[in-house]
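# Structure assessment
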Amino acid sequence: MLNGLLTGAVYALVALGLTLVYGVLHIINFAHGALLTSAMFAVWAIHAFLGVDPYLAILPLTPLFFALGYGLQRYVIGPASHGDDGNILLVTLGLAIIIENGLLALFRSDTRSLATDYSFQVVELGPLLLSQARLYGFAGALAVTILLWLLLARTDIGKAIRAVAKEKLGAALVGIDVRHVYAVTFGIGCATLAIAACLLMPTFYVNPRVGGAFVLVAFTIVVLGGMGSIPGALAGGLVIGVVESLCGLFLGESLGQIGIFIIFILVLLFRPTGLFGARA
């Protein structure tokens, strides 16, 4: 269960960007998994070629992916969609295909991983042995979630993001640049993916298709926690991590994710607003 909580916190970090983009732009970003894969390859590359520690890679990759997300929304997704949500879904799906195939052409289909001094070290907690890298990931995910909540609650740009999420036209009438807020929101979502990739790589692997597995879990977390809810994403990630861990224990690792999809179906049937979501 403790290992499930540690993994679930990083899952929640992957889902944060997805739920934030939905909460403001009211769209599902199909390129989310491909962008996570790109971030994971970036972490692997700067470690393999420059020797940069994955956790230190947070410093350059976070602003880099924020700029990438800002540019994609402001100059690609927004103009190409012409204000139609259906077009946005198609554009993000097209971006996912382009990114995945670009990574496949650049890195081939090989699976890559990296090893650090702490990748296989454990921390003894009574009779339990917990991965040191996963503990770092848990602490990092909690810190980012709190910082993101503070950003939305205490800063001017956070207030603008919440205003646009509540009422786009009203926000525009009081002088908020809605297009800029959309781009900033998408950029923040991509920045959280960069941080998640840095926390994942010491204990995980990467190939051009790996983002698809994470984005399925992220969608489940967003639905479980409530669409657009930051606390819901964290709570949903922790629940999903524990469920996956227990299912893997009792059913075997290959069947560990069955519980995730059972929860997804049950939430849709009995509580479609999620744990923290509000009715429309």
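Analysis parameters
- Residues numbered from 1 in each chain as written.
- Predicted model: local features only at pLDDT ≥ 70, side-chain atom pairs only at ≥ 80, totals over all residues.
- Heavy atoms only, no water.
- Helix = DSSP H or I, 4+ residues; strand = E, 2+ residues; numbered from the N terminus.
- Buried < 20%, exposed > 50% of the residue type's maximum accessible area, 1.4 Å probe, protein only.
- 1 Å grid on protein atoms, 1.4 Å probe; cavity = no way out; pocket = protein on both sides within 12 Å on 5 of 7 lines; lining within 4 Å.
- Points joined across faces, edges and corners; volume = space filled by probe spheres on them.
- Nonpolar A, V, L, I, M, F, W, Y, C, P; charged D, E, K, R; others polar.
- Axes fitted to C-alpha atoms, helices over the stretch in contact; angles between N-to-C directions.
- Parallel < 35°, antiparallel > 145°, perpendicular 65-115°, else oblique.
- Left-handed = near helix turned anticlockwise from the far one by under 90°.
- Contact = heavy atoms within 4.5 Å.
- Core = buried A, V, L, I, M, F, W, Y, C linked by side-chain atoms within 4.5 Å.
- Disulfide = S-S within 2.5 Å.
- Phe/Tyr/Trp six-rings, centres within 6.5 Å; stacked < 30°, edge-to-face > 60°.
- Salt bridge = Lys/Arg side-chain N within 4 Å of Asp/Glu carboxyl O.

So, on to unusual backbone geometry. Although it is not a glycine, Arg 108 sits at a positive phi angle of roughly 60°. Inspection of the secondary structure puts Arg 108 in the loop between α4 (85-107) and β1 (112-113). For Arg 108, a relative accessible area of 55% gives the class exposed.

Turning next to empty space enclosed by the protein. Scanning all chains against the criterion turns up one cavity of 30 Å³ or more. Its boundaries defined by the atoms lining it, the largest cavity holds a volume of some 30 Å³. Around the largest cavity, the lining residues are Val 21, Asn 29, His 32, Leu 35, Phe 186, Gly 189, Cys 190 and Leu 193. Contributions of two or more residues to the lining of the largest cavity are made by α2 (32-50) and α8 (178-200). The biggest single contributor to the lining of the largest cavity is α8, with four residues. Looking at side-chain class alone, the lining of the largest cavity contains five nonpolar, three polar and no charged residues.

To continue, consider the packing of helix α9 (residues 210-225) against helix α10 (residues 230-251). α10 packs onto α9 with a crossing angle of 120° between their chain directions and a minimal axis gap of 8 Å. In terms of axis orientation, α9 runs oblique to α10. When you trace α9 past α10, the crossing you get is right-handed. The residues of α10 that touch α9, namely those facing Val 217, Thr 220, Ile 221, Leu 224 and Gly 225, are Gly 232, Ala 233, Gly 236, Gly 237, Val 239 and Ile 240. Tallied by class, the residues present in the contact of α9 with α10 amount to six nonpolar, five polar and no charged.

Next up on the list: the nonpolar core. One recurring pattern in soluble globular proteins: nonpolar side chains tend to sit buried together. Core analysis: the biggest nonpolar cluster contains 84 residues, and Leu 13, Leu 35, Met 40, Leu 61, Phe 186 and Ile 240 have the highest contact counts within it. Looking at this core, the element that brings in the most residues is α8, giving 16 residues. Once residues lying within four places of it in the same chain are set aside, the contact partners of Leu 61 are Ala 39, Ala 42, Val 43, Ile 46, Ala 194 and Cys 198.

Here Ala 39 shows up in helix α2. Remark: the alpha-carbon pair of Ala 39 and Ile 195, spanning 156 residues in sequence, is separated by 8.5 Å. Contacts of Ala 39, omitting those with residues within four sequence positions, involve Leu 61, Phe 65, Leu 193, Ala 194 and Ala 197.

Across all of its chains, the model carries zero disulfides by this definition. Not part of a disulfide, Cys 198 finds its nearest cysteine sulfur in Cys 190, a span of 14 Å. Residue classification places Cys 198 among the buried positions, given a relative accessible area of 0%.

As enumerated under the stated definition, the model contains eight aromatic pairs in all. An angle of 85° between the planes, with centres 5.7 Å apart, marks the rings of Tyr 55 and Tyr 136 as edge-to-face. Taken as a pair, Tyr 55 in the loop between α2 and α3 (58-81) and Tyr 136 in helix α5 (residues 132-154) lie far apart in primary sequence, 81 residues in all. Residue class for Tyr 55 comes out buried when judged on its relative accessible area of 18%. Through pairs of rings, three or more aromatic residues link up here, namely Tyr 11, Phe 204, Tyr 205 and Phe 214.

Take the layout of surface pockets next. The volume enclosed by the second largest pocket comes to roughly 610 Å³. As for the second largest pocket, its lining consists of 27 residues, and the residues nearest its centre are Thr 7, Tyr 11, Arg 134, Phe 204 and Glu 244. For the lining of the second largest pocket, the per-class residue count stands at 12 nonpolar, 11 polar and four charged.

Counted by the stated rule, this structure contains one salt bridge. Ionic pairing is found between Arg 209 and Glu 100, a salt bridge with its closest N-O pair at 2.7 Å. Taken as a pair, Arg 209 in the loop between β4 (205-206) and α9 and Glu 100 in helix α4 lie far apart in primary sequence, 109 residues in all. A residue is classified by how much of its surface remains accessible, and Arg 209, at 44% relative accessible area, is partly exposed.

A few words on the packing of α5 against α8. Relative orientation and spacing of two packed helices are given, respectively, by the angle between their axes and the distance between those axes. Running from N to C, α5 and α8 cross one another at 165°; their axes reach a closest spacing of 10 Å. Classed by the angle they form, the pair α5 and α8 counts as roughly antiparallel. Here α5 and α8 pass one another in a crossing that is right-handed. For the pair α5 and α8, contact is made by Tyr 136, Gly 137, Gly 140, Ala 141, Val 144, Leu 148 and Leu 151 and by Ile 188, Ile 195 and Leu 199, respectively. Classifying every residue of the contact of α5 with α8 gives eight nonpolar, two polar and no charged.

Read these as geometric descriptors, not functional statements.
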